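# Structure at a glance
Residue strings, one per chain:
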Amino acid sequence: MTSAIEIRSLAKQFGSIRAVDDLSFEVAQGRVTGFLGPNGSGKTTTLRMLLGLVSVTEGTATFGGTRYVDLDHPIRHVGAALEATSFHPARRAEDHLKSVALAGGVSLSRVDETLEMVGLTEVARRRVGKFSLGMRQRLQLATALLGDPEILILDEPANGLDPQGIQWLRSFIRNQASMGHSVLVSSHLLSEMEETVDDVVIISQGTLVLQTTLADMAAQAGTGTGMRIRTPEVRRLTDALAAVPVAWRQVAVDTLVIDGATPEWFGPFAAHHQIVLYELINERGSLEDVFLSLTQGFDAEHPPGADGRSGQSAPFHAPGAPT
Amino acid sequence: MIAIVRSEWTKLRTTSVPWILTGIALVITGLFILLYFVLNGQTGGGQVGTGTDGSFGLPHPGYPHTVQQLRDLLGRGLGAYIFSLLLGVLIITTEFRHKTVTTSFLATPRRSQFVIGKMIAAALAGALLACIILVATLLGAGIAIAVEGGSFTALFGQLGAVAPGMILVFVLFALLGVGVGSLITNQVAAIIICLGWFLILESIIEALWHWTAKWLPSGAASAAANVTASGRESTFGLFNWWQGSLLILAYGLVFAVIGSVVLARRDIT
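Thresholds, definitions, all that
- Residues numbered from 1 in each chain as written.
- Chains lettered and ligands numbered in written order.
- Predicted model: local features only at pLDDT ≥ 70, side-chain atom pairs only at ≥ 80, totals over all residues.
- Contact = placed C-beta atoms within 7 Å.
- Helix = DSSP H or I, 4+ residues; strand = E, 2+ residues; numbered from the N terminus.
- Nonpolar A, V, L, I, M, F, W, Y, C, P; charged D, E, K, R; others polar.
- Domains from an automatic or database assignment.
- Core = buried A, V, L, I, M, F, W, Y, C linked by C-beta atoms within 7 Å.
- Buried ≥ 20, exposed ≤ 12 C-beta atoms within 10 Å, placed from the backbone.
- Expected span 1.5 Å × (residues − 1).
- Pairing = 2+ DSSP bridges.
- Axes fitted to C-alpha atoms, helices over the stretch in contact; angles between N-to-C directions.

### As for the interface of chain B and chain A
Taken together, the 26 residues of chain B in the interface contact 30 residues of chain A. At the level of elements, α1 (2-13) and α5 (101-107) of chain B are the ones that each hand at least two residues to the side of chain B that touches chain A. Among the residues forming the side of chain B that touches chain A, the class breakdown is 7 nonpolar, 13 polar and 6 charged.

Following this line, the structure appears as C-alpha cells:
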C-alpha cells in the first residue's frame, strides 16, 4: 500500500519545549486516518510542519517524498482546514474563496462548487464576521476543497459543530474516502471519529503511542471488561470482595467497578453475601477507554481526574486494601 | 506571479480599509487645497507678475495662474503619500492580525513570492491612490479657479508636469510600506512606528542635523516628486528625482529583504 503522507523521525523544538519528538507514521492512500491525542500533545504542530507553516527541527514530513513547499500548486494536491478563526471578518465568503483560488491557481468556477458542497451557497455574499462557528468550519472545509485535492488534512474539524454538524462531517469524510481521497483528521476525542476512521495514529507528549487499524484497536478494547455495581452497601461489598482475588475501584460514593468480573460470577456472589444492588452493568471496554488508558495523564489542558470521565481517574485499590 | 497579484488585489478591494484610507486622504487633500486658496487669496492679490502670461507690471488676479502656482496647487495632495505607505503596511499586517496568513501561506508557500506579490499589488494600489487624488484635485481646484474667472484648461495643462512625480512617490512609498510591514508584522506597532517617524521623529532629526534632510524618506520624496523638472538643482540641497527615487526604493527593499528572511524562518502557529 502506498503512502499519501510520510512522517519520518520528525521533531520540533520550541525554545526549551520539545513539542514533537522522533515521530514517525504514515497515512495510507485512500483511507481515513484519525490523528489522535490529548490537547497539547503535538498534533497541530505536526500538521503545521507537514504543511510548511512551522519549520522542522529534525526529520522529514512529506507527501510521497515531496515537501509541501516543493509541490506545484500545492492546494490542488493537498487541502487543509486548520483553524476556524483565519478569515478577515469584513470579507464576504465568496471573495475569501476567490482570493485563495486565484493565489492557488484554481479555476474560479470552484468557488460556487465548493460553497454548494458545504451548503453555504445562500450566505456566499455575507461577511464572514457574521458567521457562526459551525459556518466558519464549513467555509474552512470549502477552502480546503477548492483545489479538488486528493489529500485532505483536517485539524479538529468537529470543534464547535452541533450534533447534526458532526453527523454531516462524518458523512462528508466518508464520502471523500469513497472517492479514493486520503484524509488525515485530528481530534482529541476518539469517540468523535470512531465511526469515521479506518486507521488510527495516537500520539502523546509529542511521541507516537500507537499506529494501528481501528479494527485492531476495537479487538483490543473488547478484552478490557468488568462490572459496574451500584449499591447502598458499599462497605459490606468491599469487605466481601477482600476475600476474593479480584481488583476493584470505587468510582462514586455508591458505585464500584470490578475488573474482569462477569455477571455469572458476581450475581451468585452478591446473593450469597445478601448485598442489596441498585444497578448491575456488564461493562465492555470502549475504544475511548483504550485511548484514554494509552494517553492517560498526559493531557496538558485537562489534568486527570478533573473531568470525572469514567473510573479511570479514581484511585485503584488492590483487593483487601482499606477504603 | 500574476495570479498572486490578482489574489492580493481581490483581498485588497474586498475589505473596507483601503477605501477608508482613500477617503481620509481625499479629505486631507481637500483641506490642503482650501488652505492654499485661503492663503493665496490673502497674499496673491497685489503680486507683481513674472511675465509668463505677458502681463508684466500689472497687478495679478487673486487666483493661481502662473505655471509654478498651478503646479503647486495640483501637487497639494503629495503629502498624502503617507496613506500610500499605510496602505502598504496594512496590506501585509492585516494578514497577521486576522490570521489569514495561514491560508495565504498554504496557497503560496514560498514566502518571498508572497512578499513580492504584496509589493506589486501595493504599488498598483499606490498608483491608483495618486491618480484618484490628482483627479480630485484637478476637479476641485479647477472648478474653484473657474468660478473666480480663471482657466480650468491652464490647470489641466500642468497635469503632465505634476502627475508622473506624484504617482512615482506614491508607488515607492507603497513598496516601502510593504517592506516595513513584512518586518514589523504587528499591525498596531507598524502603524505607530510609521506615523511616529513621519510626523515626529523625522522633523526632529532634520532640525538637529540639516545635512540629513536629503537622505531622509521625506526629503527623498520631495526630490522624487520633481521628476519633470530634471536637471534643475533643488534649492534645499536635495537629490535629483531619480536619486531620490532610488533612495526610497532602497529603503523599501532593505526592509522587504530583511522582512522576507525573517518571515521565511517564522513559525505560523
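So much for the structure itself; the text now carries on.
### Some remarks on the domain arrangement of chain A
The accessible area lost on association of the parts is a frequent measure of interface size. Residue and element names in this part refer to chain A. Entries for chain A in the domain assignment read domain 1 (3-220) and domain 2 (224-313). On a C-alpha basis, the centroid separation for the pair domain 1 and domain 2 is 38 Å. Taken together, the 17 residues of domain 1 in the interface contact 11 residues of domain 2. Counting residues per element, the side of domain 1 that touches domain 2 draws most heavily on helix α7 (residues 214-221), at 3 residues.

### Considerations on the nonpolar core
One finds A122, V169, F170, A174 and A224 of chain B to be the most contacted residues of the largest nonpolar core, which totals 137 residues. With 15 residues, the top contributor of residues to this core is helix α8 (residues 159-183) of chain B. Every residue in contact with A122 of chain B, bar those within four places of it in the chain, is listed here: L87, G88, I91, A174, L175, G177 and V178 of chain B. Counting 9 residues, the second-largest nonpolar core is a separate cluster that includes I229, L241, I258 and A261 of chain A.

### Focus: helix α2 (residues 93-104) of chain A
In an α-helix there are 3.6 residues to a turn, and that puts residues three or four apart on one side. Taking 1.5 Å of rise per residue, the 12 residues of α2 of chain A would be expected to cover 16 Å, and the 17 Å separating its terminal C-alpha atoms lies within 8% of that figure. Taken across its 12 residues, α2 of chain A has 12 buried, putting it largely inside the fold. Of all the residues in α2 of chain A, the buried ones are A93, E94, D95, H96, L97, K98, S99, V100, A101, L102, A103 and G104 of chain A. In the core, the buried residues of α2 of chain A are packed alongside α3 (109-117) and α4 (133-145) of chain A together with α1 and α5 of chain B. Positioned one or two residues after α2 of chain A, G105 of chain A has a phi angle of 70°, which is positive.

### Some points on the sheet that holds strand β1 (residues 3-14) of chain A
All names here are of chain A. What the 3 strands build is an open sheet, ordered β2-β1-β4; its pairing is antiparallel. Bordering the open sheet on either side are β2 (17-28) and β4 (58-62), each of which pairs with just one other strand. Neighbour-to-neighbour, the strand axes of the sheet open up by a mean angle of 20°, direction not taken into account. Both β1 and β2 contribute to a ladder of 8 bridges, which runs antiparallel. Note on β2: the bridge partner recorded for K12 is V20. In the packing of helix α1 (residues 43-50) onto the sheet, contacts are made with β1, β2 and β4, and the angle to β1 comes to roughly 115°.

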